[in-house]
Amino acid sequence: VQTCALRSHPKTLQRRLAAEGTSYAEVVDQTRREVAQRLLAGSDLSIAQVARQLGYTEQSTLTRACRRWFGATPSEYRARGDGIRRRVSSRPPRR
């Protein structure tokens, strides 16, 4: 989806997404999945912080989504070491 499409009337965006065989909800879900994967595999953020970063108000919502996406809870996914294992600290660098 092009950036200019996001500035369109909601019905226009809906039609363009439908033409590409997707929906707004699917785009949001896929984006959250990719970000969750990156944050769980490559950061030291708590599960609650990851949930908030993804726009979830409850950690349980992230848990249900992770079970759907990865077949595991966020903690299990992190422990398995799936995804890119780049450690990115949420803390500022020491001086």
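From a predicted model like this one, the values you see are computed outputs, not experimental measurements. Per chain, the residues get numbers from 1 upward, laid out in the order the sequence is written. The predicted origin of the model limits local features to residues at a pLDDT of at least 70 and limits the giving and counting of side-chain atom pairs to 80 or more, whereas totals for whole chains, interfaces and linings rest on all residues. Processing note: side-chain calculations cover all non-hydrogen atoms of the structure and skip hydrogens and water entirely.

Draft legend 1. Broad picture of the overall build of the protein chain. The way it works is that DSSP assigns letters per residue, a run of H or I at least four long becomes a helix, a run of E at least two long becomes a strand, and they are numbered from the N terminus. Looking only at helices and strands, one finds 6 helices and 0 strands in the protein chain. From first element to last, N terminus to C terminus, the protein chain shows the α and β order α-α-α-α-α-α. Relative accessibility decides the category of a residue: with a 1.4 Å probe and only protein chains considered, values under 20% of the type maximum give buried, values over 50% give exposed, and everything between is partly exposed. Every one of the 95 residues in the protein chain was classed for burial, and the buried ones make up 27%. Considering only contacts within the protein chain whose residues lie at least 6 apart along the sequence, 48% involve residues at least 24 apart. The method behind every accessible area is Shrake-Rupley, applied with a 1.4 Å probe, and residues are considered shielded solely by the protein chains displayed. Total accessible area on the protein chain is roughly 6,900 Å²; 49% of this is exposed by carbon and sulfur atoms. Residue contacts are defined here by distance: any two heavy atoms, one from each residue, within 4.5 Å place the two residues in contact.

Draft legend 2. Just the confidence of the model for the protein chain, in detail. pLDDT expresses, on a scale from 0 to 100, how confident the predictor is about each individual residue. Scored by pLDDT, the protein chain has a mean of 85; 79% of the residues are at 70 or more. Predicted confidence for residues 84-95 stays below pLDDT 50, and this span has 19 contacts to residues more than four positions away or in other chains.

Draft legend 3. Highlighting the packing of aromatic side chains. Put simply, two rings from Phe, Tyr or Trp (the six-membered ring, in Trp's case) pair if the centres are within 6.5 Å, and we call them stacked under 30 degrees between planes, edge-to-face over 60, tilted for the rest. With the rule as written, the count across this model stands at 2 aromatic pairs. Residues Trp 69 and Phe 70 carry aromatic rings whose centres are separated by 5.8 Å and whose planes lie at 65° to one another, so their mutual orientation is edge-to-face. For Trp 69, a relative accessible area of 11% puts it in the buried group. Summarising the aromatic geometry, the rings of Phe 70 and Tyr 77 are spaced 4.1 Å apart at their centres and angled 25° between planes, so their arrangement reads as stacked. For the pair formed by Phe 70 and Tyr 77, the shared burial category is buried.

Draft legend 4. Representation of the environment of Ser 8. Mapped onto the fold, Ser 8 is located in the loop between helix H1 (3-6) and helix H2 (10-19). Once residues lying within four places of it in the same chain are set aside, the contact partners of Ser 8 are Leu 13 and Arg 16. One polar contact links Ser 8 to Arg 16, side chain to side chain, over a distance of 3.3 Å. In protein, a polar contact means a hydrogen-donor-capable atom and an acceptor-capable atom, both N or O and within 3.5 Å, with residues adjacent in sequence counting only if both atoms are side-chain atoms; elsewhere, any N or O pair within 3.5 Å suffices.

Draft legend 5. Region of the structure containing the side chain of Thr 73. Examined against the element boundaries, Thr 73 turns out to sit in the loop between helix H5 (59-70) and helix H6 (74-80). Once residues lying within four places of it in the same chain are set aside, the contact partners of Thr 73 are Thr 63, Cys 66 and Arg 67.

Draft legend 6. Fine view of the packing of helix H3 (residues 24-42) against H5. Helix axes use the C-alpha atoms of the stretch in contact, all axes being lines fitted to C-alpha atoms, and the angles between their N-to-C directions lie in the range 0 to 180 degrees. Contact pair H3 / H5: the axes reach a minimum separation of 11 Å and the direction vectors enclose 95°. It follows that H3 is roughly perpendicular to H5 by the angle criterion. Taking contact as the criterion, the partners of Asp 29, Arg 32, Arg 33, Ala 36, Gln 37 and Leu 40 in H3 are, on H5, Cys 66, Arg 68, Trp 69 and Phe 70. Each residue gets one of three labels, nonpolar for Ala, Val, Leu, Ile, Met, Phe, Trp, Tyr, Cys and Pro, charged for Asp, Glu, Lys and Arg, and polar for the others, Gly among them. Its residues assigned to classes, the contact of H3 with H5 comprises 5 nonpolar, 1 polar and 4 charged. For classification purposes, angles smaller than 35 degrees are called roughly parallel, those larger than 145 roughly antiparallel, those between 65 and 115 roughly perpendicular, and all remaining angles oblique.

Draft legend 7. Spatial organisation of H3. Expected helix span is given by 1.5 Å per residue-to-residue step, counting one fewer step than there are residues. Across its 19 residues, H3 extends 27 Å between first and last C-alpha, which sits within 8% of the 27 Å expected from 1.5 Å per residue. Packed against the buried residues of H3 are helix H4 (47-53), H5 and H6.

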